[in-house]
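# Remarks on the overall topology
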Amino acid sequence: MVNEKDFIAKLMHPETRETAFAQLVRDYQKPLYYHVRNIVLNHDDADDVIQNTFIKVFRHLPNFKGDSKLFSWIYRIATNEAIDFISAKAKRNGISNGEYLEKEIEKLPADIYFEGDEIALKLQKAITKLPEKQQLVFKMKYFEELKYEEMSEILGTSVGALKASYHHAVKKIEEFLLTH
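Residues numbered from 1 in each chain as written. Predicted model: local features only at pLDDT ≥ 70, side-chain atom pairs only at ≥ 80, totals over all residues. Heavy atoms only, no water.

### Notes on the overall build of the chain
Heads up, the rule is: Helix and strand labels come from DSSP, where a helix needs a run of H or I of at least four residues and a strand needs a run of E of at least two; each type is numbered from the N terminus. All radius of gyration figures rest on C-alpha atoms, and the globule criterion is 2.2 Å times the number of residues raised to 0.38. Categorising residues by exposure relies on relative accessible area from a 1.4 Å probe, with only protein chains included: less than 20% of the type maximum marks a residue as buried, more than 50% marks it as exposed, and the intermediate range marks it as partly exposed. Here, residues are in contact when the closest pair of their heavy atoms is within 4.5 Å. Per-residue and other accessible areas were derived by the Shrake-Rupley procedure at a 1.4 Å probe size, with only the shown protein chains allowed to occlude residues.
Along the chain, the regular secondary structure elements total nine helices and zero strands. Taken over C-alpha atoms, the radius of gyration comes to 17 Å for the chain, in line with the 16 Å a tight globule of 180 residues would show. Dimensions of the chain along its principal axes, counting C-alpha atoms only, are 60 × 35 × 30 Å. A burial count over the chain gives 43% of its 180 residues as buried. Considering only residue pairs separated by 6 or more positions, the chain has 60% of its internal contacts joining residues 24 or more positions apart. With the model as given, the accessible surface of the chain reaches about 10400 Å², and the carbon-plus-sulfur share is 52%.

What follows is the structure, encoded as structure tokens:
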């Protein structure tokens, strides 16, 4: 595998951009899908968000300064796209983001792509009760096993604040699971 600096150079060069971008899509499509799916919950919606993410990445490649890792930059775009997607859907339905996600949770058992059992569904319900930032932090740490440093780059939040958010999220989820 080419190092990141060389890969970015290929992404920026007009003659190698398309080939490098195709490689980027192959490398990031699956992990980004799971990241976005954890946020939007619905398979088809996740596919739409991923497509929009890659379009934005391609359009904004010339603006990538290399201040963060390529991984972090792409995940930040995907995260923002997923949050914007939820906000737009919720607004169209005249409800809050949390209410929208609660409705999506109710549809999960019928989703052929949802591989969870009753406990997984209960966990998802508990997560939707969290504030948005705690949801993101919990999902990124628990499901994706991202390091706090990676999450810090993606979310633009300090490691200490992320650790606190995760701690609070875990406590709230434990409380929910014990009382429901």
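Still more to cover.
### Describing the packing of helix H1 (residues 4-12) against helix H2 (residues 17-40)
Using the following cut-off: Every axis corresponds to a line fitted to the C-alpha atoms, with the helix fit spanning only the stretch in contact, and the corresponding angles, defined between N-to-C directions, vary from 0 to 180 degrees. An angle below 35 degrees is read as roughly parallel, one above 145 as roughly antiparallel, one from 65 to 115 as roughly perpendicular, and any other as oblique. Here the nonpolar group is Ala, Val, Leu, Ile, Met, Phe, Trp, Tyr, Cys and Pro; Asp, Glu, Lys and Arg are the charged ones; every other residue, Gly included, is treated as polar.
Where H1 meets H2, the axes come as close as 6 Å, and the angle between the chain directions of the two elements is 125 degrees. With respect to H2, the element H1 is oriented oblique. In this structure, H1 contributes Phe7, Lys10, Leu11 and Met12 to the contact, and H2 contributes Arg17, Ala20, Phe21, Gln23 and Leu24. Of the residues assigned to the contact of H1 with H2, the class counts are six nonpolar, one polar and two charged.

### A closer look at the UniProt feature "domain: RNA polymerase sigma factor 70 region 4 type" (unreviewed entry) in the chain
For clarity, the cut-off: UniProt positions are given in the numbering used here, feature names are shortened, and annotations may be inferred rather than shown by experiment.
With numbering aligned to this structure, UniProt lists the feature "domain: RNA polymerase sigma factor 70 region 4 type" (unreviewed entry) at residues 122-173. Secondary structure content for residues 122-173 is 79% helix and 0% strand, while the C-alpha to C-alpha distance between its ends is 10 Å.

### Focus: helix H7 (residues 132-142)
Those residues of H7 that sit buried are Gln134, Gln135, Leu136, Val137, Phe138, Lys139 and Met140. Packing partners of the buried residues in H7 comprise H2, helix H4 (70-92), helix H5 (97-107), helix H6 (118-128), helix H8 (148-155) and helix H9 (159-179).

### Section: the UniProt feature "domain: RNA polymerase sigma-70 region" (unreviewed entry) in the chain
Taking the numbering used here, the UniProt-annotated feature "domain: RNA polymerase sigma-70 region" (unreviewed entry) corresponds to residues 24-91. End C-alpha atoms of residues 24-91 are separated by 33 Å, and the span's content is 84% helix alongside 0% strand.

### Observations regarding the pattern of salt bridges
The condition that has to hold: By salt bridge we mean one thing: a side-chain nitrogen of Lys or Arg within 4 Å of a carboxyl oxygen of Asp or Glu.
Tallying each qualifying case throughout the model produces six salt bridges. A salt bridge links Asp45 to Lys89, with the shortest nitrogen-to-oxygen separation between them at 3.8 Å. You can see Asp45 sitting in helix H3 (residues 43-60) and its partner Lys89 sitting in helix H4, a full 44 residues away along the chain. Measuring nitrogen to oxygen at the nearest pair gives 3.9 Å for the salt bridge that ties Glu106 to Lys125. Of the two residues, Glu106 sits in helix H5 while Lys125 sits in helix H6, which places them 19 residues apart along the sequence. By relative accessible area, which is 30% here, Lys125 ends up partly exposed.

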